[in-house]
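# Understanding the architecture of this molecule
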Amino acid sequence: QLVESGGGLVQAGGSLRLSCAATGRTFSSYHVGWFRQAPGKEREFVAAISRDGTTYYADSVKGRLTIPRDNAKNTVYLSMNSLKPEDTAVYYCAAQRGSGISLRMADFGSWGPGTQVTVSS
């Protein structure tokens, strides 16, 4: 089971750190991704980290977001800086098994319920 936390309301230019905690599994053996869905839009890829620590980012967030993981705490984070109103969305974390990571949403088999991030202008 995955549970996100850390969402909230922040002003443009501000920062937030989202957490994705896993229970009942050893998170270090999974690839983990963050996705988001804004009102009226499709869910989209934001960032991912493979089991070996390689990171991937959507072009829209490069340089502003990072995805560190703490395997000892069974947690993956999404650190967000210089937030923009267009970052407003529900953010979901997801886990994927397998040797090589895929960034396709359909290849992530376990999902959290999501956490709301609202960036005011």
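Look up: the structure comes first, before these words.
Throughout what follows, the structure given in this document is the object of discussion.

Across its full length, the protein holds 0 helices and 12 strands. The order of α-helices and β-strands along the protein, N terminus first, is β-β-β-β-β-β-β-β-β-β-β-β. Here the C-alpha atoms of the protein give a radius of gyration of 13 Å, agreeing with the 14 Å that 2.2 N^0.38 yields for 121 residues. Projecting the C-alpha coordinates of the protein onto the three principal axes gives extents of approximately 40 × 25 × 25 Å. For the protein, with 121 residues in total, the buried portion stands at 45%. Contacts in the protein between residues far apart in sequence, at least 24 positions, make up 60% of those at least 6 positions apart. Of the roughly 6000 Å² of accessible surface on the protein, a fraction of 47% belongs to carbon and sulfur atoms. Seen as two clouds, the 13 positive and the 9 negative side-chain charges of the protein have centres 4 Å apart.

Soluble globular proteins: nonpolar side chains tend toward being buried together. The biggest cluster of nonpolar side chains holds 33 residues, and the ones touching the most others in it are Phe27, Trp34, Val46, Leu78, Met80 and Tyr91. Of all the secondary-structure elements, those providing two or more residues to this core are strand 3 (16–22), strand 4 (31–37), strand 5 (44–49), strand 9 (75–80), strand 10 (89–96) and strand 12 (115–120). Among residues more than four places away in sequence, those in contact with methionine 80 are Gly14, Ser15, Leu16, Leu18, Arg64, Leu65, Tyr91 and Val117.

Scoring rules and cut-offs
Residues numbered from 1 in each chain as written. Predicted model: local features only at pLDDT ≥ 70, side-chain atom pairs only at ≥ 80, totals over all residues. Heavy atoms only, no water. Helix = DSSP H or I, 4+ residues; strand = E, 2+ residues; numbered from the N terminus. Rg over C-alpha atoms; globule rule 2.2 N^0.38 Å. Buried < 20%, exposed > 50% of the residue type's maximum accessible area, 1.4 Å probe, protein only. Contact = heavy atoms within 4.5 Å. Areas by Shrake-Rupley, 256 points an atom, 1.4 Å probe, with all protein chains shown as cover. Lys, Arg positive; Asp, Glu negative; His and termini not counted. Charge placed at Lys NZ, Arg CZ, Asp CG, Glu CD. Core = buried A, V, L, I, M, F, W, Y, C linked by side-chain atoms within 4.5 Å.

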